[in-house]
Each structure stands twice: as structure tokens, then as C-alpha cells.
Amino acid sequence: MNKENDILERICSLLGPFNKEGIALTRDTNIATDLELDSLAVMDLLAAIEDEFDISVPLNMLPDLETIGQMADAVEEIVQEKK
Amino acid sequence: MDLFDKFLPLIRDRDALFNTGGPVPTGICMDEIVSQTVAIIDGRETILAGTNNYLGLTFEKKSLKAAEEALKAGGTGTTGSRNCNGTYSGHKALEAKLAEFYGTKGAMVFSTGYQANLSMLSTLAGPKDYILIDADCHASIYDGCKLGNATVIRFRHNDPADLEKRLKRLGDDVNKLIVIEGLYSMLGDVAPLDEFVKVKARVPHSYLLVDEAHSMGVMGETGRGAAEHFGVEDQVDFIVGTFSKSVGTIGGFCVSNHPHFDILRLACRPYMFTASLPPSVVASATTAIDTIKNSPHLREKLWNNAKRLYSGLSEAGFTLGAEPSPVVAIKVPSLEIAFSFWRSLIESGVYVNLMVPPATPQNWYLLRCSLCAAHTTEQIDTIIGVFIKIAHDLDLLPQATEAVNGNTVSINGTLPSVAGAKRAPARRAGGAAAATG
């Protein structure tokens, strides 16, 4: 498993409690429309991601984080910057 | 294609809820204000239990007199912004009064509390700075962050350890503005300011802004708010507040000891590009601050009312916010129940706020009461009685609470021995039907 998939996997497991309908999660799954997370739930998810990867994900990035893939890419980028 | 297409889901939701006949929350019109605690709504005398008018100063005699005199002397409005023709001697006197009250070097007055937060949040922190906001902060704080260029991080509500973790991730060599509220308006919970200031002290280049909108007049020996209550005012860098709650009028302010605080008058856009407060509003606010300072008895009455309402509802079996405070929020299971509960309250002559997500934390549906020092004990008991009656009608309180020490709850009169009400197990008073009152 490469690193990017690892990040995706970890985000998917964080999404577990939010995925009440048990929808299959892929890179293209849209957090708001497919999983029906409202703005508060998305911010809670962000906090969980921050703690999982020990990074800061500013609220300013939210408009660009619509899919799980976009979230994984953002996390990857922030983790790299930190190094 | 229509410009308003994006609102279609909202229009559908509104119509589904509102087009069922009867009063709607956004359509409430106070036809006559009888007193700080009573209004005529739809021809009905209604107890106001959701107005943020904590100390009941909207009809305070000295404030009224000062406003009347200022109205006659200065006219109905300033027609100008503070930096142009909108600064009168009254505005300067109000800022001096605020600085004296809070013991700070600087004080700025804004046209609303919303603009005070928009100003501070959008201006204090720039593109290289960070703002850390409590998750449950008011919309004006979120909006202020959006208006500015800082990087915004959200930490878990009332959780100093979570804040510290997030502060440390950002490192020591950047400016960090921490934003919390003294008393949160949705559930009435108080920020552990004593803990937050310790976190701030441990992290270099961090600043603390406390929004005392709901705690000013309500907490602290002289009513300065939560920071005074916890004895930590010297560790707070900026206090933001509003005149539209305890002060009883409209407007906002910020006080600070920062040596360059005054430069914000030339940098805060929501301060610069709006007209200043009218002289009458300024005069009543200035007068009310003295009243707040000198009226510990009003705070005592307010808290006694709050505790009475909280314990009465809690003992009846309602799910409430964590602690008694002048904001008492009753949680209900769904939007539909919240709405029909709210409608029944209005039709029973009790006005409270219906609060729904995303304004509420954790997607809760809330019937939010705010208390007033001017509420009488009888009014509080009537509110409790009405709540219990409606909850029974809607089958929301599984444990029968209509039998209160053997007395039947009546919504028309006062509620006898509420303080003695037992949550469970309830005795059914010989064959009395639920909520016959």
C-alpha cells in the first residue's frame, strides 16, 4: 500500500461514524452531497483529521475539500510541508 | 435558470414547516411592549422569556431620561461614520465610560455587536497570523474570520487541552489570537477562563479575545463579565461586548490595553464604513453601564430566576444545558417537535427562542429561554407550568409529572411546589389524566 492510499484509508475510517448509510467510500465520494455531512459535521471531521495526522487543517481550506480524495491530497501536502 | 434557484431547498423546507397554519418564529410581531417581560403578540398577553434583556434595563428610568435628552439635543441620527462627521461628544463619553468600567486604556464603540466582532476578527489577525476559535463561537466570529485573511483553526468547545494541542502545532514563532465567549448563548455554558488563561500563558505570542456579549451585566461582581468572575481580566487582551443585551439598547464595543489599540480606528472596515450610533442610543448605553455596575441586586434576582427555571424544568424531566444560567436551553428531539412545541408555547402566552442547526451545537433543536431580572417568581412558575403541560400533550415526558406533591399542575395559575417536584417515579394522582390543566 503506498502512502497516499494509507492517508485515504485513514480518512475513510475517520468517516465511519459520519457514514450512517454505510455508503461505499472512494476518492470521488462527495462529503456534503453523498455522505450528507452538514457544515458542522465537516468541521468536526476536520478536527478528527487534524488529530489523526497531528497537523493543522485551517477552516479556510474547507471550500476546496469536497471529496475524500481532495481531503487526502490536502493532508498529504500538509504532512509533506511539515517535514 | 433563476438567481434564486439556489434557495429552492430552503424555500421548500420553510414552506413545509411554516405553511401549516398558525404563528411562525420569524413572523413574531410584538404589537405592544407592556414591560420588559410582557408584550402583546397576536392580541395575546405574552410572557417574554427569550429577549436577552438580562437586567431589564430597556425601560430603566435614568436610561430613558438620558436618551430623551440626547434625542432632543442631538437629533435622531448622526448621518456619518465615526472617522468623518459621526463622532459626537456622547460617543467620546461612552468610550471613556467603557474604559473606566473595564479599567483599560482603550475603548472603541461600534454600531452593532456583530460589527464589533467583524471588525476585530477581520483586522487584528493578518495573512501571516492564526485565529483559534472555540467550535461553538457565535456566527459573528465565524463571519469576522471569513472577512479577514488570517488562517483559522477551530478547537473543541470549552476544551483548553484541545486548544493547547492545536496552538502547539502552529509553533512559537507566529502570532495566535485565541477567541472564546464568556457565556455561550445556545446552551448557557460558561467558558473555563481560569484554564484558558493558563494555556495562553504557556504559549508564546498568543493573544486572548473574550466575547462577553451574554456575560456582561450577568457575571462578575460589578457585571463586567466572565473574566471578572474568574479574576483573570489582566490576562485578557481584548474584550468584545454588545449593548443589545444587558445594556438594553444596540451597539458593540471592544476594550483593550494594547498600546496601539487606537490604530484600529483607521483599519477596521466595519468600523469605518458605517454610520455611528444615534445620540439617544449612546446616551442610554452610557447611563446603563453605571446601572450595571451599581446593581448587584439585579444580578442576584436574575440568577435566582435562572436557577428557579432550571431546577423546575430539570426536575420535571426536561433535558437542559449542563448548568443553570440566565440562558436555559431545553433540548427536544426533532425539528417538527421543536416547532410544534414552540407554537404551543406562543399560543399559551410564553415567548421563547426556537433555535435550530446550524446555529446550535451538535445539531440540537432547542427551545431557548433567557431570563430577566424583572421576571417575577410567578412568571417563572407560569413558564415552567406551560412547558410541562405542552410536554405532556406532545408525549415528551414519559414519567408522569402532572402529580407534583399530590397537586395537579395548572398552566393558568402558578405551579404549586415546583421545587418539590419529583422526576421519577411519579405518582399518578388518583385517575388524573395527564396534563389536564
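Residues numbered from 1 in each chain as written. Chains lettered and ligands numbered in written order. Predicted model: local features only at pLDDT ≥ 70, side-chain atom pairs only at ≥ 80, totals over all residues.

Thoughts on the overall build of chain B
Tallying secondary structure elements over chain B gives 13 helices and 17 strands in all. Its C-alpha atoms give chain B a radius of gyration of 23 Å, within 12% of the compact-globule value 22 Å for 437 residues. For chain B, the C-alpha atoms occupy an extent of roughly 70 × 55 × 55 Å along the three principal directions. Counting the 437 residues in chain B, one finds 51% classified as buried. Considering only contacts within chain B whose residues lie at least 6 apart along the sequence, 71% involve residues at least 24 apart. (Helix = DSSP H or I, 4+ residues; strand = E, 2+ residues; numbered from the N terminus. Rg over C-alpha atoms; globule rule 2.2 N^0.38 Å. Buried ≥ 20, exposed ≤ 12 C-beta atoms within 10 Å, placed from the backbone. Contact = placed C-beta atoms within 7 Å.)

Let's talk about the overall build of chain A
Of the regular secondary structure elements, chain A holds three helices and zero strands. Ordered by position from the N terminus, the helices and strands of chain A form the series α-α-α. Along the three orthogonal principal directions, the C-alpha set of chain A runs to about 35 × 30 × 20 Å. A burial count over chain A gives 18% of its 83 residues as buried. Considering only intrachain contacts with a sequence separation of at least 6, the fraction spanning at least 24 residues in chain A is 54%.

Section: the environment of M219 of chain B
Within the fold, M219 of chain B resides in the loop between β8 (206-211) and α8 (226-230). Placed 29 residues apart in sequence, M219 of chain B and V190 of chain B show a C-alpha to C-alpha distance of 9.9 Å.

Some details on the packing of helix α4 (residues 113-124) of chain B against helix α5 (residues 139-147) of chain B
All names here are of chain B. Between α4 and α5, whose axes approach to 7 Å, the crossing angle comes to 40°. Taken together, α4 and α5 sit at an angle that is classed as oblique. By crossing handedness, the relation of α4 to α5 is classed as right-handed. Contact residues: G113, Y114, N117, L118, M120, L121 and S122 in α4; S140, I141, D143, G144, C145 and L147 in α5. (Axes fitted to C-alpha atoms, helices over the stretch in contact; angles between N-to-C directions. Parallel < 35°, antiparallel > 145°, perpendicular 65-115°, else oblique. Left-handed = near helix turned anticlockwise from the far one by under 90°.)

A short note on the pairing of strand β5 (residues 130-134) of chain B
All names here are of chain B. Within β5, five of the five residues are buried, which leaves it mostly tucked inside the rest of the structure. With five bridges joining them, β5 and strand β6 (residues 151-155) adopt parallel strand pairing. By the bridge assignment, I133 is partnered in β6 with R154. One crossover worth recording links β5 to the parallel β6 by way of α5, and it is right-handed. Where β5 meets strand β7 (residues 176-181), four bridges bridge the pair, whose relative direction is parallel. Residue I133 lies in a different strand from β7, and its bridge partner there is V179. (Pairing = 2+ DSSP bridges. Right-handed = clockwise from strand over helix to strand, strands pointing away.)

Brief notes about the confidence of the model for chain B
Residue and element names in this part refer to chain B. When the pLDDT values of chain B are averaged, the result is 91; 91% of them are 70 or greater. Confidence over residues 400-437 falls short of pLDDT 50; this stretch has 70 contacts with residues more than four positions distant or in other chains. As a predicted assembly, this complex carries a pTM of 0.90 together with an ipTM value of 0.89. (pLDDT = per-residue confidence, 0-100.)

With respect to the pairing of strand β12 (residues 327-332) of chain B
All names here are of chain B. Most of β12 sits out of view: five of its six residues are buried. Where strand β11 (residues 319-320) meets β12, two bridges bridge the pair, whose relative direction is antiparallel. Each residue of the ladder has a partner; that of L320, found in β12, is I330. The antiparallel pairing of β11 with β12 creates a hairpin that spans six residues between the two strands.

Some remarks on the sheet that holds β12 of chain B
Residues and elements named next belong to chain B. Read across the open sheet, the four strands follow the order β11-β12-β15-β14; overall the sheet is antiparallel. In this open sheet, the two edge strands, each paired with only one partner strand, are β11 and β14 (353-355). Strands β11, β12 and β15 (365-370) of the sheet are contacted by helix α11 (residues 296-316), whose axis makes an angle of about 20° with β12. The sheet strands contacting helix α12 (residues 335-347) are β12, β14 and β15, and the helix crosses β15 at an angle near 35°.

A look at the packing of helix α3 (residues 89-102) of chain B against helix α10 (residues 279-293) of chain B
Residues and elements named next belong to chain B. Relative to each other, α3 and α10 sit at 20°, their axes nearing to 9 Å. Here α3 is positioned roughly parallel relative to α10, judged by the angle of their axes. The way α3 lies across α10 gives a crossing that is left-handed. Packed against α3, whose contacting residues are G90, H91, A93, L94, K97, L98 and F101, the element α10 presents P279, V282, A283, A285, T286, I289 and K293 at the interface. Counted by class, the contact of α3 with α10 contains nine nonpolar, three polar and two charged residues. (Nonpolar A, V, L, I, M, F, W, Y, C, P; charged D, E, K, R; others polar.)

Considering the domain arrangement of chain B
Residue and element names in this part refer to chain B. Under the domain assignment used here, chain B contains domain 1 (15-55 + 296-420) and domain 2 (60-293). The distance between the C-alpha centroids of domain 1 and domain 2 comes to 29 Å. Counting residues at the interface gives 20 residues for domain 1, matched by 18 residues for domain 2. Counting residues per element, the ones that place at least two in the side of domain 1 that touches domain 2 are α11, β12 and β15. (Domains from an automatic or database assignment.)

Focus on α10 of chain B
Between its terminal C-alpha atoms α10 of chain B stretches 22 Å, which fits the 21 Å expected from 15 residues at 1.5 Å a residue. Extensive coverage of α10 of chain B is indicated by the burial of 13 of its 15 residues. (Expected span 1.5 Å × (residues − 1).)

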